[in-house]
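Close look at the chain arrangement
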2 protein chains.
Amino acid sequence: MTETAIDSDTLDALAAIVGPGNALTADEDTHPYCIEMRDLFVGRTPLVLRPGSAEEISKILRLANERGIAIVPQGGNTGLVGAQVPDESGAEIILATDRLDAIRSVDPVENTMTVEAGVILENIHAAADEVDRLFPLTLAAQGSCRIGGNISTNAGGTAVLAYGNTRALILGLEVVLPTGEIWNGLRSLHKDNTGYDLKQLFIGGEGTLGVVTAAVLKLFPKPRSQEVALAGLADPAKALELLNVAQAHAGPLLTGFELMPRLGIEFVLKHLPGARDPLEGPHPWYVLVEISSNSDDIPARQLLESMFEEAFEKEIATDAVVAESVAQAEALWQIRHSLSEVQKSEGGSIKHDVSVPVSKIPAFLDKGMAAAADLIPGIRPVPFGHMGDGNIHFNFSQPEGADKADYLARWDELNAVIHGIVAEFGGSISAEHGIGKLKKKLLPDVKSEIELDLMRRIKAAFDPNNILNPGRVL
Amino acid sequence: MTETAIDSDTLDALAAIVGPGNALTADEDTHPYCIEMRDLFVGRTPLVLRPGSAEEISKILRLANERGIAIVPQGGNTGLVGAQVPDESGAEIILATDRLDAIRSVDPVENTMTVEAGVILENIHAAADEVDRLFPLTLAAQGSCRIGGNISTNAGGTAVLAYGNTRALILGLEVVLPTGEIWNGLRSLHKDNTGYDLKQLFIGGEGTLGVVTAAVLKLFPKPRSQEVALAGLADPAKALELLNVAQAHAGPLLTGFELMPRLGIEFVLKHLPGARDPLEGPHPWYVLVEISSNSDDIPARQLLESMFEEAFEKEIATDAVVAESVAQAEALWQIRHSLSEVQKSEGGSIKHDVSVPVSKIPAFLDKGMAAAADLIPGIRPVPFGHMGDGNIHFNFSQPEGADKADYLARWDELNAVIHGIVAEFGGSISAEHGIGKLKKKLLPDVKSEIELDLMRRIKAAFDPNNILNPGRVL
């Protein structure tokens, strides 16, 4: 068991709340909860609590609040900014939501689903599918991330363009406060103007204001027809033109618009078994387009075809392939979803999860890539992502043959350059991953003192003893 | 000038901030700011301040905070719950935003508009229209309400079904805090996960947490084709079936779905000059349907026709008329928009702005109308509104020949009955109008103590001396 300054009485009392089988103390049991998947954060904890109900979480937090014990809530442990991993002190206790995995109800008439915080996103997709409905939140970690974490980080993903961020998909929440009270805000209403909209603070609050224990989710009609295509283009300015053409033809039925550079495709061809170059000959940039229709009267295929007719006529796209089967559509999406993974085989990668106003993406990419090359000659930019939302995963692979550790040592330096350009363009240094511990020190550069002060006032009002996910965000 | 307990030094200092022409003290000047349009709230004030900038508002609030002076922000004075009207004490000073009426920028490429708080909603519509864009927020008061008030009340209206409440239309805000600091949160990003989403507290905060001074609004493509129809139906259960058929055919292009009872149509025919019965013969219930497409590839007319084909085949609708011109479409919408107004000519009306889960509307209406008739025999229910959002304006006209004052004296009694049924159905007692002073006393019946306590903690954290819109909401 990890060495800790927490007295054994307190540890025993906390463990007793969840029962012996659900209080993990052996290092081999607690370790998986203490490491972040890229090994960027590795911590220690004397105790992982796996409560089975909001009532147990209430008891845990009440005790922790009385005794000043730091509690770190954890869902699927897929977060990318270190919010869910304990620090190295051994003085932070993990509260894992993995046992809260019940889907309480699915209502296809009302288009809602009520779930506990620990349900894995993919299981929510399946439950919606069973009643011919869609829960649109889609991201690479969906096989292991849990909805409580998605809510606490206001997760984005590839369906934001049509359906919004997680924030837009939540009708109600149940939350246990740092002081132990349970707030039941599990409403299913589309309109409710009865005071401050409290759920908005917990959505994207990164577990610092309360532990989300359950939620009412919005469901949508399942697409009756869906078309996926991949276009080759000269540059991001053409991609912006293509976005405008796509929106003019498909309107709100445009459900995906993802930008990728040639280098990313090359990494996929090199490292993803079975991958094939999707178009004849290379193109400097690619866009994956998805159009979905839930009406028999609006064939997605027709919209896609008339969109590309205009795109070719105006010389916006150079080439394009339309998926002729579900398997082909999945193969195109797999290229996009593999981009992060395949970069690992190319040495170190310095990453930025940033957003700028959509129309500024071409100029932003130009300036960012040039500045990075000035700083580190030979650096290989692989910017990709959700162009329709203005959100670019601005990743840079190390120069070929460079030393990985030397390269990664320049993380903060490159971050500073790119984030400076983000600021010039009125952008955000964390579009969808959050702040956690990774970006906490950057916050004073991008927020006014009054904004930080308001955040601190809210934190103090909700968590006066600073016991819940302390040191994250603020 | 109104008698007041505020010392003349303070009044002079406040007036000096805005300059003599913009500090109103004569009763004939201040009176229009002190009455609510239905005369439900009539107050008094010694001073109406008409600041011309966020900086002036900052100075006003700083002084008011130091000296403990109550400030009541007011936009277009169209609110229906008394939040914007001073009380009768003469100790509340009005801060009117009507001079903050600049449209700072319109960006049709980025689909955003930056406006000051005092811009009238209709002027925002016009500015969007000029660049071939749509700002979708649509409500009866749009010719006089101001966007700051729309934001502070999270206004709803008839376009929520497709575009969401005001909350969904806001990208960024500028707010002056009760303590005088100016928060510049005028961002134009679709994704930004850098800490708590503060703007969500001011949206729907009813002016109790800060004074909204400017906002970045989302614009949308303007519909290329739009179709409006009015259907006659047997009952609200058929209307629910029609909603499902409409959504299956039009998906996200269904932009309006409004329920009306025959009695409402009769009131319109009787009191609206030039109104004509829209269908041959009477129908117990009516639904106004609007479908809008911004794509040439998706003709709205075709969707509407195939939708009604199914509706007639399944005997959901009894009859329907499709507008054949913009003038006809406007005439159909005018019936809907006149419903509140024409009720005034039928004596007293006791109102409820409530929501329930959409699928429960038929049962909710049945039970509510029966309970009202039990309480007040001869009462005439005129429930109408945004069926697609679950939001019904559950208005009741007095029995024919009843005494208006005697009838209105039973307001609270009937409210209690209807709100009790709302609670049974898991609904909200204020779907879109807010709480203000009118519904403040009802809040403890519908919110848990912990929810009220969290709201109080936020209020205290933002407004420690309780000077901004005190006594509203909380």
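The rules behind the values
- Residues numbered from 1 in each chain as written.
- Chains lettered and ligands numbered in written order.
- Predicted model: local features only at pLDDT ≥ 70, side-chain atom pairs only at ≥ 80, totals over all residues.
- Heavy atoms only, no water.
- Core = buried A, V, L, I, M, F, W, Y, C linked by side-chain atoms within 4.5 Å.
- Buried < 20%, exposed > 50% of the residue type's maximum accessible area, 1.4 Å probe, protein only.
- Contact = heavy atoms within 4.5 Å.
- pLDDT = per-residue confidence, 0-100.
- Axes fitted to C-alpha atoms, helices over the stretch in contact; angles between N-to-C directions.
- Helix = DSSP H or I, 4+ residues; strand = E, 2+ residues; numbered from the N terminus.
- Parallel < 35°, antiparallel > 145°, perpendicular 65-115°, else oblique.
- Left-handed = near helix turned anticlockwise from the far one by under 90°.
- Nonpolar A, V, L, I, M, F, W, Y, C, P; charged D, E, K, R; others polar.
- Buried area = accessible area lost by both parts, 1.4 Å probe.
- Salt bridge = Lys/Arg side-chain N within 4 Å of Asp/Glu carboxyl O.
- Polar contact = N/O pair within 3.5 Å; in protein donor to acceptor, adjacent residues only side chain to side chain.
- Least-squares fit on C-alpha atoms with pLDDT ≥ 70 in both.

1. Quick look at the nonpolar core
In this structure, A:L242, A:V289, A:I291, B:L242, B:V289 and B:I291 are the most contacted members of the largest nonpolar core, which totals 103 residues. The contact partners of B:I291, leaving out residues within four places of it in the chain, are B:S225, B:Q226, B:E227, B:A250, B:L253, B:L254, B:T255, B:A300, B:L303, B:L304 and B:M307.

2. Concerning the confidence of the model for chain A
Looking at chain A as a whole, the pLDDT averages 96, with 100% of positions reaching at least 70. Scoring of the predicted complex yields 0.97 for pTM and 0.96 for ipTM.

3. Some thoughts on the packing of helix α12 (residues 361-375) of chain B against helix α14 (residues 411-424) of chain B
Residues and elements named next belong to chain B. At their nearest, the axes of α12 and α14 sit 10 Å apart, and the two run at 155 degrees to each other. If you check the angle between α12 and α14, you find them roughly antiparallel. Crossing handedness for the pair α12 and α14: right-handed. Along the contact surface, α12 presents F364, K367, G368, A371, A372 and L375, while α14 presents E413, L414, V417, I418, I421, V422 and E424. Taken together, the residues of the contact of α12 with α14 break down into nine nonpolar, one polar and three charged.

4. Section: the interface of chain B and chain A
Counting residues at the interface gives 79 residues for chain B and 79 residues for chain A. Counting each side, the surface lost to burial between chain B and chain A is near 6200 Å², with a carbon and sulfur contribution of 56%. In terms of surface lost to chain A, no three residues of chain B exceed B:K191, B:N193 and B:Y196, which account for 17% of the buried area on that side. Of the charged contacts in the structure, one is a salt bridge between A:E432 and B:K191, with a shortest N-O distance of 2.7 Å. The interface formed by chain B and chain A includes 44 residue pairs in polar contact (both at pLDDT 80 or more). Breaking the side of chain B that touches chain A down by element, the ones donating at least two residues are β9 (182-185), α7 (199-202), α8 (236-250), α10 (300-313) and α16 (449-462) of chain B. Looking at the side of chain B that touches chain A residue by residue, the class counts come to 31 nonpolar, 32 polar and 16 charged.

5. Here's the deal with the relation of the copies chain B and chain A
Overlay of chain B on chain A (RMSD 0.0 Å): rotation 180 degrees, translation along the axis 0.0 Å. In the structure described here, the two chain copies are related by an operation that fits a two-fold rotation axis. The share of interface residues of chain B whose copies in chain A are also at the interface is 100%, consistent with both copies meeting through the same surface.

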